[in-house]
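Okay, here's what each chain looks like letter by letter:
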Amino acid sequence: MPFALAAQALTTHAATGGRLTLGIGPSHAPVVESRYGLTWQPPVRHTREILDVLNPVLRGEDVEFRGQVVTAAGGVAAPGVAPPSLLLAANGPRMLALAGELADGALTMWTTPRFLAEAVVPAVTTAAAGRAAPRIVVGLLASVTSDVDGARERVNTDFRQAATLPTFSALLERQGSTGPADTLIAGDEAAAEQAVRHFADAGATELIIFPVGLPEDQVRTVTLFADLAKKHRG
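All of the points below concern the structure found in this document. Predicted model only: the values in this text are computed from it and were never measured.

Here's the deal with the packing of helix H8 (residues 189-202) against helix H9 (residues 215-233)
Alright, step 1. The geometry of H8 relative to H9 is characterised by a closest axis approach of 11 Å and an angle of 50° between their N-to-C directions. The angle between the axes of H8 and H9 places the two elements in the oblique class. In this structure, H8 crosses over H9, and the sense of that crossing is right-handed. Residues Glu 189, Ala 192, Glu 193 and Val 196 of H8 form the contact with H9, whose own contacting residues are Arg 220, Leu 224, Phe 225, Leu 228 and Lys 231.

Points about the environment of Gly 75
Alright, step 1. Here Gly 75 is to be found in the loop between strand S3 (71-74) and strand S4 (85-89).
Alright, step 2. Gly 75 sits in the partly exposed class, given a relative accessible area of 34%.
Alright, step 3. Placed 13 residues apart in sequence, Gly 75 and Asp 62 show a C-alpha to C-alpha distance of 4.4 Å.
Alright, step 4. In this view, Gly 75 contacts Phe 3, Glu 61 and Asp 62; residues no more than four positions away in its chain are not counted.

Quick word on the side chain of Ser 143
Alright, step 1. With respect to the helices, strands and loops of the structure, Ser 143 is situated in strand S6 (residues 135-144).
Alright, step 2. In this structure, Ser 143 is in contact with Ala 151, Leu 184, Ile 185, Ala 186, Gly 187, Val 212, Gly 213, Asp 217 and Thr 221, ignoring residues within four places of it in sequence.

Focus on helix H3 (residues 43-58)
Alright, step 1. Counted at 1.5 Å a residue, the expected span for H3 with its 16 residues is 22 Å, and the 21 Å between its end C-alpha atoms agrees.
Alright, step 2. Every buried residue of H3 is listed here: Val 44, Thr 47, Glu 49, Ile 50, Leu 51, Val 53, Leu 54, Asn 55, Pro 56, Val 57 and Leu 58.
Alright, step 3. Buried residues along H3 sit in contact with helix H1 (2-15), strand S1 (21-24), strand S2 (63-66), S3, S4 and helix H4 (93-102).
Alright, step 4. Following H3 by one or two positions, Gly 60 adopts a phi angle in the positive range, close to 90°.

What to know about the pattern of salt bridges
Alright, step 1. Tallying each qualifying case throughout the model produces eight salt bridges.
Alright, step 2. Among the ionic pairs, Arg 114 bridges to Glu 118, the shortest N-O distance being 3.2 Å. Residue Arg 114 and its partner Glu 118 are located together in helix H5 (residues 113-127), separated by four residues, close to a single helical turn. Across the pair, exposure class does not vary: Arg 114 and Glu 118 are exposed alike.

Some thoughts on the packing of aromatic side chains
Alright, step 1. In this structure the tally under the stated criterion is two aromatic pairs.
Alright, step 2. Ring geometry for Trp 110 and Phe 159: centres 6.1 Å apart, planes at 85°, overall edge-to-face. Of this pair, Trp 110 sits in the loop between strand S5 (105-109) and H5 while Phe 159 sits in the loop between helix H6 (148-158) and helix H7 (166-174), and the two are 49 residues apart along the sequence.
Alright, step 3. According to the relative accessible area criterion, Trp 110 is buried, its value standing at 2%.
Alright, step 4. Judged by relative accessible area, which is 24%, Phe 159 ranks as partly exposed.
Alright, step 5. Taken together, a centroid distance of 4.7 Å and an interplanar angle of 35° make the contact between Trp 110 and Phe 168 tilted. Here Trp 110, found in the loop between S5 and H5, pairs with Phe 168, found in helix H7; they are 58 residues apart in sequence, far enough to count as distant.
Alright, step 6. Classification of Phe 168 as buried rests on a relative accessible area of 14%.
Alright, step 7. Taken together, the ring pairs in this structure connect Trp 110, Phe 159 and Phe 168 into an aromatic cluster.

Rules behind the numbers
Residues numbered from 1 in each chain as written. Predicted model: local features only at pLDDT ≥ 70, side-chain atom pairs only at ≥ 80, totals over all residues. Heavy atoms only, no water. Axes fitted to C-alpha atoms, helices over the stretch in contact; angles between N-to-C directions. Helix = DSSP H or I, 4+ residues; strand = E, 2+ residues; numbered from the N terminus. Parallel < 35°, antiparallel > 145°, perpendicular 65-115°, else oblique. Left-handed = near helix turned anticlockwise from the far one by under 90°. Contact = heavy atoms within 4.5 Å. Buried < 20%, exposed > 50% of the residue type's maximum accessible area, 1.4 Å probe, protein only. Expected span 1.5 Å × (residues − 1). Salt bridge = Lys/Arg side-chain N within 4 Å of Asp/Glu carboxyl O. Phe/Tyr/Trp six-rings, centres within 6.5 Å; stacked < 30°, edge-to-face > 60°.

Below, the structure written as structure tokens:
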């Protein structure tokens, strides 16, 4: 799998003029076993072995690796293509440390600004000591809306099943959240922009926004964050 992933990533990176960010993660046991029919492996060990192969192969090196889960011998030829930036999906302390150690940063989801500042950023940056400053990318549910209570209710309903997955339920418990709606950015344009500042102050380098709510609220959400992105680039 690391060879196929590296070949796809390098091809896409070349085709897009070096604009690819490659994000990987261990997924969740119910998805791996029920949807794909594979055997769930201890996620930290499995991910470390994937990265031990993927990183050098993306750099154009050949590998000879025999792990407990992953076996790989060879490489991927992509002359002149630099490796893409690599992010690791991480919420727990060991995965966050792995993101700092062996990736270019972490992609975390459903975190609060306080938990980001107190747990996520320190874990990743400590593990990345001596390397380039890591990227801290946060995935956020957002709804620019006049009906905050309705948006929160819809999020808790729509994401109820996802919140039962061990990774997410453990994260919500650690940061004292009662459900995914506790991590929702909701309110008018000014409130949403203020919430973004809180995440930036907490150490987020980038945000990935998932618009939720009624169709008209999603349009408002996309419009606001597109405007904020333009301002930031300017």
